[in-house]
Amino acid sequence: MHSLTQLVADELATPAHPQVQAFAAHIAHQYPNAARAVLFYGSCLRSEQLEGQMLDFYLIVSSYEAAYTRKWLATWNHRLPPNVFPFQHDGLVAKVAVLSEADFHDLNRPAASAVSVWARFAQPSRLVWSADNAACISVANAISGAAPTLLNAALAFTEREVDVLDLWQTGFRMTYDAELRAERNDRPASVVDFDPDRYARFGHAALLHTPIANEIRGDKVHILADPQCRIMQERDRWPALRRNGKFLTVARLAKAAFTYAGGIDYLAWKINRHAGTQIEIKPWQRKWPLVAALFLVPKLLLKGSVR
């Protein structure tokens, strides 16, 4: 069996669509003094549909000070990572999240104060641009923390014996519940069902690195007795993760009102796409996106469009 780091490195190295690679190079070239790696992930990676979609990239930089000429952007990327910006290239559009190498490593680990990064990078991603081999190694090492973090959380809330794929689904349900999201209730299951062989392989490798002790017998995970009470520790920290995740979703939305041109239109597009709503943004909402968001989010919560 391959090690988890090797599985991650091999998956990252899988070639992506040439247009995606060209887009990634375009993003990196906007940050010539800081760009270390560009990662492609999300629904467009799974569907391989690019036209008319919003692609998802993470830009990993050496530091925020090197990335920005405006100090306030660096300050907010430190305080509330990541910053998110819209990009266009060759007829495609994307949103690009910016993280430093240090933050990317830390936010893929259990000590992270929110789930958003490790929940996404426990899923497949592609390294579509890198500055050098050291950047490739750094990214693979960072992402290798994501799957054990997710599965360790899930182990604390399952039966003593659980199927590997069911454990993944439990983990994704927990992380979806720890953010304000517009996806359908069956989304966690559909993510795993899209490539069950991948999640089985990664699950077996990742479970060797979880703090909660376990043993794998075939497709079943058996949770072992834990004298250090790691299960209770994981359960105790989860309410704070849920609160932080939902608060950070709103806080990042507010920040995007200043950093993301057209952010309110993107929010409406994403909710309409995933929740089947028909939100139409009015001219005043584009002029005052922060005010619009503060009115829009509670309304969607009441309707159940966002959870």
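Since we're looking at a predicted model, the values are computed, not measured. (Residues numbered from 1 in each chain as written. Predicted model: local features only at pLDDT ≥ 70, side-chain atom pairs only at ≥ 80, totals over all residues. Heavy atoms only, no water.)

**Observations concerning the layout of surface pockets**
What counts, and what does not: The rule is simple: put a 1 Å grid over the protein atoms alone, call a set of points where a 1.4 Å probe fits but cannot get out a cavity, call an open set with protein on both sides within 12 Å along at least five of seven lines a pocket, and count a residue as lining if it has an atom within 4 Å of a point. Grid points are joined across faces, edges and corners, and a volume is the space filled by probe spheres set on the points. The helix count covers DSSP runs of H or I at least four residues long, the strand count covers runs of E at least two residues long, and both are numbered beginning at the N terminus. Residues are grouped as follows: Ala, Val, Leu, Ile, Met, Phe, Trp, Tyr, Cys and Pro are nonpolar; Asp, Glu, Lys and Arg are charged; every other residue, Gly included, is polar.
Here the second largest pocket defines a volume of roughly 400 Å³. Along its surface, the second largest pocket is lined by 23 residues, and T14, L45, R46, E48 and R126 are the ones closest to its centre. Elements represented by at least two residues in the lining of the second largest pocket include exactly helix 1 (4-13), helix 3 (43-47), helix 11 (187-194) and helix 12 (196-206). In terms of residue count, the dominant contributor to the lining of the second largest pocket is helix 12 (4 residues). Here the lining of the second largest pocket is built from residues that sort into 13 nonpolar, 2 polar and 8 charged.

**Focus on the pairing of strand 3 (residues 83-89)**
How we decide: Two strands are said to pair when DSSP picks up at least two bridges between them.
Relative to strand 4 (residues 92-100), strand 3 runs antiparallel, the two sharing 7 bridges. Looking across to strand 4, one finds that F85 is bridged to V96.

**Thoughts on the side chain of N214**
What counts is decided by this rule: Polar contacts, as used here, are pairs of N or O atoms within 3.5 Å; protein pairs need one atom able to donate a hydrogen and one able to accept it. Residues neighboring in sequence count only if both atoms are side-chain atoms. Contact between two residues is taken to exist if any of their heavy atoms lie within 4.5 Å; hydrogens are not considered.
With respect to the secondary-structure elements, N214 resides in strand 7 (residues 214-217). Of note is the side chain of N214, whose polar atom sits 3.1 Å from the backbone oxygen of L207. Here I212 takes part through its backbone oxygen, which lies 3.2 Å from a polar atom of the side chain of N214. With residues near it in sequence (within four places) discarded, N214 still touches L155, L207, V221, H222, I223 and L224.

**Regarding empty space enclosed by the protein**
Across all of its chains, the model carries 1 cavity of 30 Å³ or more by this definition. Looking at the largest cavity, its volume works out to about 70 Å³. Surrounding the largest cavity, L4, V8, E11, L12, F121, A122, Q123, S125, I143, A147, R198 and F202 form its lining. Going through the elements one at a time, helix 1 and helix 12 are the ones with two or more residues in the lining of the largest cavity. Per-element accounting of the lining of the largest cavity gives the leading share, 4 residues, to helix 1. Along the lines of polarity and charge, the residues of the lining of the largest cavity split into 8 nonpolar, 2 polar and 2 charged.

**Observations concerning helix 10 (residues 164-177)**
Condition: One less than the residue count of a helix, multiplied by 1.5 Å, gives the span that helix is expected to have. Only protein chains enter the calculation, and the probe is 1.4 Å; a residue is then buried if its accessible area is under 20% of its type maximum, exposed if over 50%, and partly exposed in between.
Over its 14 residues, helix 10 extends 20 Å from the first C-alpha to the last, a length consistent with the 20 Å expected when each residue adds 1.5 Å. Burial analysis of helix 10 places 10 of its 14 residues in the buried class, which makes it a mostly covered element. Among the residues of helix 10, those classed as buried are V164, L167, W168, Q169, T170, G171, F172, M174, T175 and Y176. One side-chain oxygen at the N-terminal end of helix 10 lies 2.9 Å from the backbone nitrogen of L165; it belongs to D163.

**Details of the packing of helix 1 against helix 8 (residues 133-143)**
How we decide: All axes are obtained by fitting lines to C-alpha atoms, using only the stretch in contact for helices, and the reported angles, taken between N-to-C directions, cover 0 to 180 degrees. Between 65 and 115 degrees an angle is taken as roughly perpendicular, under 35 as roughly parallel, over 145 as roughly antiparallel, and anywhere else as oblique. Each crossing gets its hand from how the near helix is turned against the far one by less than a right angle, where anticlockwise is left-handed and clockwise is right-handed.
Their axes nearest at 9 Å, the elements helix 1 and helix 8 cross at an angle of 120°. Regarding the angle of helix 1 to helix 8, the classification is oblique. For the pair helix 1 and helix 8, the crossing hand works out as right-handed. Of the residues in helix 8, those touching helix 1 at T5, V8, A9 and L12 are V139, A140, N141 and I143.

**So, the environment of W76**
Among the structural elements, W76 can be located in helix 5 (residues 71-79). Linking W76 and Y64, residues 12 residues apart in sequence, is a C-alpha distance of 9.4 Å. When neighbours within four sequence positions are excluded, W76 is seen to be in contact with P81, N83 and K255.

**A short note on the sheet that holds strand 8 (residues 220-223)**
The sheet built from 3 strands is open, its strands ordered 6-8-7 with antiparallel pairing. The open sheet is flanked by strand 6 (161-163) and strand 7, the only strands paired with a single partner. Between one strand axis and the next, the sheet turns by 25° as a mean value, whatever way the strands run.

**Side note on the sheet that holds strand 2 (residues 54-61)**
What the 5 strands build is an open sheet, ordered 3-4-2-1-5; its pairing is mixed. Taken across any chain shown, the strands that pair with only one partner, and hence form the sheet edges, are strand 3 and strand 5 (125-130). Averaged over all neighbouring strand pairs, the angle between strand axes comes to 30°, with direction disregarded. Contacts from helix 1 reach strand 1 (35-41) and strand 5 within the one sheet, and its direction differs from that of strand 5 by about 65°.

**Some remarks on the nonpolar core**
Quick note on the threshold: To form a nonpolar core, buried Ala, Val, Leu, Ile, Met, Phe, Trp, Tyr and Cys residues must be joined to one another through side-chain atoms within 4.5 Å.
Formed by 84 residues in total, the largest nonpolar core has its most connected members in L39, L55, F57, F104 and W168. The dominant element in this core, judged by the number of residues it contributes, is helix 9 (residues 146-155), at 7 residues.

**Here we look at helix 8**
We apply this condition: By construction, the arc corresponds to the directions joining the helix axis to the C-beta atoms.
Of all the positions in helix 8, only A135, V139, A140, A142 and I143 are classed as buried. All buried residues of helix 8 fall inside an arc of 160° around its axis, so they share one side. On its buried face, helix 8 sits against helix 1, strand 1, helix 6 (101-106), helix 7 (116-121), strand 5 and helix 9. At the N-terminal end of helix 8, a side-chain oxygen is found 3.2 Å from the backbone nitrogen of A134, two or three residues along, and the residue is D132.

**Concerning unusual backbone geometry**
Following P81, the chain continues into P82 via a peptide bond in cis, with omega recorded as -5°. We note that E48 has phi near 60°; this positive angle belongs to a residue other than glycine. Topologically, E48 is positioned in the loop between helix 3 and strand 2. Overall, the relative accessible area of 67% leaves E48 in the exposed class. Positive phi values are uncommon outside glycine, yet D90 reaches one of about 55°. Mapping D90 onto the fold places it in the loop between strand 3 and strand 4.

Interpretation in functional terms is not warranted from these geometric data alone.
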